[in-house]
Amino acid sequence: MSVSYIHDSASILSSESQSNIPLVDLSKPDSRHLIVKACEEFGFFKVVNHGVPPEFISEIESQALSFFSLPMSDKEKAGPADPFGYGNKNIGANGDVGSVEYLLLKTDHSFNFHKLLQTPEKFRSALKDYISAVRKMACEILELMADGLKIQQRNALSKLLMDEQSDSVFRLNYYPPCPMLDEASVNGGEGSRIGFGEHTDPQIISVLRSNNTSGLQISTRDGSWISVPPDHTSYFINVGDSLQVMTNGRFRSVRHRVLLANNNWRPRVSMIYFGGPPLSEKIIPLPSLVKGKEESLYEEFTWFEYKSSAYSSRLSDNRLELFQRIAAS
């Protein structure tokens, strides 16, 4: 299968020193206001003092690297992803591809970890500890968000992640280093390999952590792309499509992608917790955020309906477009 490339690298790879990614220190009293501002302007921000124990982070990354270092024939025993399990290059069922291997797992630990070979119980234990800590941090962020939006019910958002029926998932992405001279190198070294194509996340919130290898980019409101400097000690938060609807468009889900430099000989490893609501949950604007005669910008739908629609589309599609209300003329 061929690898996709983007050749106009000068126009898409902004200087990391100029990326101006919003930074939120969760230990500071002004964090709730900074979170709201970042969600309005970027749909994305970096958090420090997040409270996730470093040993939990190192253990889950170690388990991930152990798995992705296995021979392909062994890794394939944990796949093909349908949707859970091991996947390689193919992203979803609609023809999207990238230079990525991944594991998509349920957060309720119901996946058959014996498919992961070698030390399945160590993997399960590491995942349980990590998910618990990251979910706690995500809920804290959602409650600070509610404070900043002056939502009376502080757990209006976080309760959806804490619900026993929460449809949250966890993804480990592994972007292999460039193994040989490839098409872009032959063409003078210009361009970047597409690790993961541009998209928004359909859930409420995404919590991302990666190793010290660059590649992540986000799209700003004017449509330009900026690189996100890697930081393996911090987390990055994405506003998802569902949160965009629940804030009636006040927050916007962030379009993002992973581009891999051709001279990158280190693998990129990222781990993402996607905080989703129960399948039956109605995704509508929170009442306190629809004021006066203002109406919802979106048709009412359940998370199951939106999830089904989103995953039957192409990765780069505007998935919320089908659910937008047409303004009366």
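Attention in this report is confined to the structure presented alongside it.

So, how was this worked out
- The residue numbers shown here count from 1 along each chain, following its written sequence.
- Only residues with pLDDT of at least 70 get local features here, since the model is predicted, and only at 80 or more are side-chain atom pairs given and counted; chain-wide, interface and lining totals rely on the full set of residues.
- Just so you know, side-chain values use all the structure's heavy atoms and leave hydrogens and water out.
- Strands here mean DSSP runs of E at least two residues long; helices mean DSSP runs of H or I at least four residues long; both are numbered from the N terminus.
- Three labels apply to residues, based on accessible area from a 1.4 Å probe with only protein chains included: buried if under 20% of the type maximum, exposed if over 50%, partly exposed otherwise in between.
- Two residues form a contact once any of their heavy atoms are found within 4.5 Å.
- For a helix, the expected span equals 1.5 Å multiplied by the number of residues minus one.
- Arc definition: directions from the helix axis to the C-beta atoms.
- If DSSP finds at least two bridges between two strands, the strands pair.
- Two rings belonging to Phe, Tyr or Trp (six-membered ring only in the last case) form a pair when the distance between their centres is within 6.5 Å. Interplanar angles under 30 degrees mark stacking, angles over 60 mark edge-to-face geometry, and anything in between is tilted.
- Charge-over-ring placement is defined geometrically: NZ (Lys) or CZ (Arg) within 6 Å of the ring centre, and within 35 degrees of the ring normal.

Let us now look at the overall build of the protein chain. Helices and strands together make up the secondary structure of the protein chain, namely nine helices and 15 strands. The proportion of buried residues among the 329 residues of the protein chain is 52%. The long-range fraction of contacts in the protein chain, counting pairs at least 24 apart against all pairs at least 6 apart in sequence, stands at 74%.

For helix 3 (residues 54–68), spanning 15 residues, the distance from its first C-alpha to its last is 21 Å, which sits close to the expected 21 Å at 1.5 Å a residue. Every buried residue of helix 3 is accounted for by Ile57, Ile60, Glu61, Gln63, Ala64, Phe67 and Phe68. Looking straight down helix 3, one finds its buried side chains confined to an arc of 160 degrees; they lie on one side.

Before going further, it helps to spend a moment on the pairing of strand 5 (residues 96–106). With nine of its eleven residues buried, strand 5 lies for the most part within the structure. Counting the residues between successive antiparallel strands, the hairpin from strand 4 (residues 85–91) to strand 5 contains four residues, one of them, Gly92, with a positive phi of roughly 80 degrees. In this structure, strand 5 lies alongside strand 6 (residues 169–175), joined through six bridges in antiparallel fashion. In the sheet register, Leu104 faces strand 6, and the bridge partner there is Arg171.

This paragraph deals with the packing of aromatic side chains. Within a pair of aromatic rings, the relevant descriptors are the distance that separates the centres and the angle that separates the planes. The full count for this structure, using the stated rule, is nine aromatic pairs. An angle of 55 degrees between the planes, with centres 5.6 Å apart, marks the rings of Tyr130 and Phe170 as tilted. Of the two residues, Tyr130 is situated in helix 5 (residues 120–148) and Phe170 in strand 6; the sequence distance between them amounts to 40 residues. A single burial state applies to Tyr130 and to Phe170, both of which are buried. Between Phe301 and Phe323, the aromatic rings sit 4.6 Å apart at their centres with planes inclined by 50 degrees, giving tilted as the arrangement. Taken together, the positions of Phe301 in strand 15 (residues 301–302) and Phe323 in the segment after helix 9 (303–310) put the pair 22 residues apart, joining distant regions of the chain. You can call Phe323 buried: its relative accessible area is 14%. Clustering of aromatic rings is evident, with ring pairs tying together Phe67, Phe68, Tyr86 and Tyr174. Cation over ring: Arg171 sits above Tyr102, and NZ or CZ is 3.9 Å from the ring centre. Taking NZ or CZ as reference, Arg319 lies 6.0 Å from the ring centre of Tyr311, over its face.

Shape is all these values report; function is a separate question.
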